[in-house]
Amino acid sequence: MVSYKRLNPEDVQFSRAVLSEERHPVQEDVSGLEPEDSSLLTRRPSCSITTALLVISCLLLVLCGGWLLGTIFWLHSSSNVDPHKPPLPVPGQTPDSKAQAGPNGTTVASRRGACRLIPEAWRFDCYPERGMVVTREMCEARNCCFIPASTRPSSAAHTSGENGIPWCFYPPDFPSYSLVSLNDTSLGQKGTLVKEVKTYYPGDILNVEVEIRQETNTRLRVRITDPSASRFEVPISVPTATTKAENPEYVIELSKQPFGLIVRRSSTGAMLLDTNVAPLFYADQFLQFSTSLPSQFIYGLGEHRSTFLHDVHWNTLTMWARDAAPMEQTNLYGVHPFYLSMEDGGNAHGFFLLNSNAMDVVLQPAPALTWRTIGGILDFYVFLGPDPGSVVEQYVEVVGYPAMPIYWALGYHLCRWGYNTSDSTWEVVKSMRNYGIPQDVQWNDIDYMDRQMDFTYDPTNFATLPDLVKDLHVHDQRYVMILDPGISSSQPEGSYWPFDEGLKRGVFIKDAEGKTLIGKVWPGLTAFPDFSDEVTHDWWFDNLQRLHQKVPFDGVWIDMNEPSSFLDGSTSGCPSSSIENPPYTPGVLGGSLRAKTVCATAQQKQSIHYNMHSLYGLMEAKATASAMKRIVAKRPFVISRSTFPSQGMYSGHWLGDNRSQWKDLYTSIAGMLTFNILGIPLVGADICGFSEQPQEELCIRWTQLGAFYPFTRNHNSINMNPQDPTAFSPMARTAMKQALLLRYSLFPVLYTLFHHAHVHGHTVARPIMFEFPKDVKAYGIDKQFMWGKSLLVTPVLDPGVDYVEGYFPEGLWYDFYTGDSVRSQGEELRLPAPLDKINLHLREGSILPTQTPNLTLWVSSGQPLHLISALSDDGSASGDLFWDDGETVDSYETVQYSYIIFKVAQNLMTSQVLQSNIEATYITVESATFYGVKEKPSKVLVNSQDATFTYRDNKV
């Protein structure tokens, strides 16, 4: 029997859905009675009507007066509250609880009034489940406030996103934890948190432990754990502090009841973290906490397709590695729960949640942020910066510094899915040589394989593949091939060594019953290696070595490693359990954890897949880099699709299966900048786009931009027209060739930037605001970027234009090509941009070492140096050069390198060799150009000898 209840519009919320119709504003008058809550007074005949009215009036007057005084007192006291903290409703009441109202309904009215005192921007979602209708009754069953969001113009909500405002949200006295004990430790403090009342998710853990570790002066670590049971922790190596920070740049404040943590910057008092804004949850499969943010300027939180600066207006970013073509509001290939936030005055801090379980990160306009994960522990870091670059340095110090790439990784890479034969691949390579277009690396996609099976090559269509690779090596070029993790499981026994041997060694992921889990990928039915097991690493190495003996490839491209499957779960499905269907499922594409991947209950060496899923790409990259280091005895080259914090130690990343569209050209900059702040600087997008037919103008502009990706590869899909530079008109071919030669001429600059990334944790492709953190106008720029601190790149991102508008921070800038100067006050300038040009500008005070480019980096890197100096007003400039043999593992750590500082001051250029190695003796400084020389010199001396020179009217 089903009963039906009539629902009024204000009683219903479509959870997380976007409603197209406007809602009517909610009445704000909290003193009146609401009809459904009024009750009739019982008649008392012994009292006169007049007496009754007088008594009732007095009672109402007292109650209303008390409520009014409380409100005035609250308003007065809240004036001193931090501006980023919400005003609190009347304390001591449970808004919208199911307690019975008094005879006149005043209790209910005042409770609902208290809920309405919480500004919309500060309402934290109490019913985040998707795809269900949330009613007042459902909301109040969770002991939460229920108010349909207003659509008034004065609302705190974003005008285009009112529907993101939670209708069901936490009251200030929602049951949470209390800090019942606190003791000092060698690193900080350790306390016990206790909660008396269970909340609405199963497996509530009522007693947890909080540990505060003051690890360094700029790094704070907080761990909240279950002292009664061990829980999954992310198995990556992080620093182990042994002594407490002596002079921390942060102040910690703890609230006891309810428990809350505040972290402030000592120098400014800025609030970096405040968890008092919403209750803490710590259930077995639901862990959640929220914090205020010091500003709306927040970056990171990969991997998502978005602008570089995230939108804080009710924006939910889901994290769970997924094979999905880049699209907005979707969890993509990698998981990076790290953000960088700007503060007033140009300071910056970072926050890293070390957790690999599926999660939602919710941004709201207060501004505030909520972390909501479904497993593991709460283990997080706060990095104090104070500038954006320092924040990234401190973050990679924890997760691991990126590897120094082998030199040819920084050349031009060419690939496509659909060469179909090794001979056609070879023809493209020869064509590139004939046109004099630089190329260091040729790739093949899965069409080189025998029936798409790993560690094979097609004996018919790719019979000449070994000869192609030998030819590449003769011409100082390299070869990279793709591998997917899915291993064919349907071949006759004894015919496919990788699967047979894998079964024998027990390397494959098991299902919940302990049997090899079978999914489906390109070769058909497949098993998936468990890279969390060292035994699998040995098996992986053996397979790579066997293939390398046949085809001496130089690097490996690991794809489909989320891991991706064409099935949901397995061929036999997944068991029904809370692991497969958790009490709360984040907003993952497909609606379930097993969507297009293996079962969450699948068993791996270190834990169940529920915990390990988003680590799969990292662990495969680690195994692959280790194997390649053993096989080639050089720096390994690995490019991975799925990534996780510390990935930069083992691989680079490309931004996935983009499209041949102008929008994708633009969004690639945000992706590149985001991965640089995530500690994976070797990153780029598929130049010209992967899917859809290439367009000539777009491909020219994309090649120009792609020449300044740290990782530069042109790649497109099967059945698409060719899009390598030789496939276009002579004009387009020339423009692309010029862009690539320009990149090759700047190789010494790029290589030195990667050295600083490897040793210091610097970014390579750098947001403008990293160099100008006090310039708020630079905070949202993602149509331009910098290489290091000196070179400003302003690409064309729109069709049919011969100009581009770019922002120039305050200072003196020089046109890279001509030396013409422009002095900016922090303004946008229109620049000429014909189809064969990308605009580059040098920042005053910089020196760039360049070389004459050639067809490969092996040749061009041996050319003499030409130094370009962009002088400041006082005539000074500086730059540097890191140089080694380009391929020795750990050359910096074993001191097999040279490092040189160049300086200009008082009309004198000097070079200082801080570290010398034989490699540096092979190159010399042949010439130099100086931008900004105010007067023509009477003479120029080089090593005390007269030298010929020219001087132009533009002071060059």
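Structure: see above.
Predicted, not measured: the structure shown is a model, and the values here were computed from it.

A. Just the pattern of salt bridges, in detail. Counted according to the given criterion, the structure contains 39 salt bridges. Taking the shortest distance from any N to any O, the salt bridge between R451 and D450 comes out at 3.2 Å. Taking the shortest distance from any N to any O, the salt bridge between K504 and E501 comes out at 3.6 Å. With a gap of three residues between them, K504 and E501 both fall in helix α7 (residues 497-505), about one helical turn apart. We classify E501 as buried; its relative accessible area is 12%.

B. Inspection of the sheet that holds strand β18 (residues 359-364) at higher detail. One open sheet holds the five strands; their spatial order is β12-β13-β19-β18-β15, and the pairing between them is antiparallel. Only two strands of the sheet have a single neighbouring strand rather than two, namely β12 (281-283) and β15 (315-319). Averaged over all pairs of adjacent strands, the angle between strand axes in this sheet comes to 15°, irrespective of strand direction. Looking at chain direction, β18 and strand β19 (residues 368-373) are connected through six bridges and run antiparallel. If you follow D360 over to β19, its bridge partner there is R372.

C. Local environment of the packing of aromatic side chains. Inspection of the entire model under this criterion finds 51 aromatic pairs. Where W122 meets F124, the ring centres are 6.4 Å apart and the plane angle is 50°; that geometry is what we call tilted. Here the two residues W122 and F124 agree in accessibility, since each one is buried. Here the aromatic residues Y170, F174, Y200, Y201, F281, F286 and Y584 are joined through ring pairs into a cluster of three or more.

D. The arrangement of the packing of helix α8 (residues 534-548) against helix α10 (residues 616-632) in detail. Look at α8 against α10: their axes get within 9 Å of each other, and the N-to-C directions meet at 50°. When the axes of α8 and α10 are compared, the pair comes out oblique. α10 is crossed by α8, and the crossing has right-handed handedness. Contacts from H537, D538, W540, F541, L544, Q545 and H548 in α8 reach M619, E620, A623, T624, A627, R630, I631 and V632 in α10. Along the lines of polarity and charge, the residues of the contact of α8 with α10 split into eight nonpolar, four polar and three charged.

E. Just the state of the cysteines, in detail. Within the structure shown, the criterion is met by five disulfides. Note that C126 is cross-linked by a disulfide to C144, the S-S spacing being 2.1 Å. Because the torsion about its S-S bond is 70°, the bridge between C126 and C144 counts as right-handed. Here C144 lies in the loop between α3 (136-141) and β3 (145-146) and C126 lies in the loop between α2 (106-116) and β2 (133-135), a separation of 18 residues in the sequence. Residue C126 is classed as buried on the basis of its relative accessible area of 0%. Two residues, C574 and C599, share a disulfide whose sulfurs are 2.0 Å apart. Where C574 bonds to C599 through sulfur, the torsion about that S-S bond is close to -85°, and the disulfide is left-handed. Taken as a pair, C574 in the loop between β27 (555-558) and α9 (609-612) and C599 in the loop between β27 and α9 lie far apart in primary sequence, 25 residues in all.

F. Inspection of the pairing of strand β14 (residues 298-302) at higher detail. Within β14, five of the five residues are buried, leaving the element largely enclosed by the surrounding structure. Examined bridge by bridge, β14 and strand β16 (residues 336-342) share four bridges and lie antiparallel to one another. Looking at the pairing, Y299 lines up with L340 of β16.

G. Main features of the pairing of strand β43 (residues 877-883). A large share of β43 lies buried, amounting to six of its seven residues. Where β43 and strand β44 (residues 898-905) come together, seven bridges link them in antiparallel fashion. Paired with S878 across the two strands is K903, which belongs to β44.

H. Structural view of α10. Look at α10: 24 Å from first C-alpha to last across 17 residues, which is about the 24 Å you get at 1.5 Å a residue. A633 occupies a position one or two residues after α10 and carries a positive phi of about 55°.

I. Here's a closer look at the side chain of T199. Summarising the element assignment, T199 is placed in the loop between β6 (188-194) and β7 (207-216). Apart from the residues within four sequence positions on either side, T199 is in contact with F174, P175, D204 and F281.

J. Focus on the nonpolar core. In terms of nonpolar packing, the biggest core is built from 234 residues, with Y299, L340, W371, F637, F708 and F785 touching the most fellow members. Top contributing element to this core by residue count: α10, with 10 residues. Ignoring anything within four residues of it in the chain, the contact list for F637 reads I406, W408, A409, H413, W443, V480, D554, G555, V556, L682 and F711. Within the second largest apolar cluster, 38 residues are counted, among which are C115, I147, F174 and A283.

K. View of helix α4 (residues 388-399). With 12 residues, α4 should reach 16 Å at 1.5 Å per residue; the first-to-last C-alpha distance of 17 Å fits that figure. Buried residues dominate α4, accounting for 10 of its 12 residues. Along α4, the residues classified as buried are P388, G389, S390, V391, V392, Q394, Y395, V396, V398 and V399. Looking at the buried residues of α4, the elements they touch are β8 (219-225), β16, β17 (348-353), β20 (378-383), α11 (662-677) and α15 (768-771). Residue D387 occupies the N-cap position of α4, its side-chain oxygen lying 3.2 Å from the main-chain nitrogen of G389.

What counts, and at which threshold
Residues numbered from 1 in each chain as written. Predicted model: local features only at pLDDT ≥ 70, side-chain atom pairs only at ≥ 80, totals over all residues. Heavy atoms only, no water. Salt bridge = Lys/Arg side-chain N within 4 Å of Asp/Glu carboxyl O. Helix = DSSP H or I, 4+ residues; strand = E, 2+ residues; numbered from the N terminus. Buried < 20%, exposed > 50% of the residue type's maximum accessible area, 1.4 Å probe, protein only. Pairing = 2+ DSSP bridges. Axes fitted to C-alpha atoms, helices over the stretch in contact; angles between N-to-C directions. Phe/Tyr/Trp six-rings, centres within 6.5 Å; stacked < 30°, edge-to-face > 60°. Parallel < 35°, antiparallel > 145°, perpendicular 65-115°, else oblique. Left-handed = near helix turned anticlockwise from the far one by under 90°. Contact = heavy atoms within 4.5 Å. Nonpolar A, V, L, I, M, F, W, Y, C, P; charged D, E, K, R; others polar. Disulfide = S-S within 2.5 Å. Expected span 1.5 Å × (residues − 1). Core = buried A, V, L, I, M, F, W, Y, C linked by side-chain atoms within 4.5 Å. Polar contact = N/O pair within 3.5 Å; in protein donor to acceptor, adjacent residues only side chain to side chain.

Remember that the coordinates give geometry; whether it matters functionally is a separate question.
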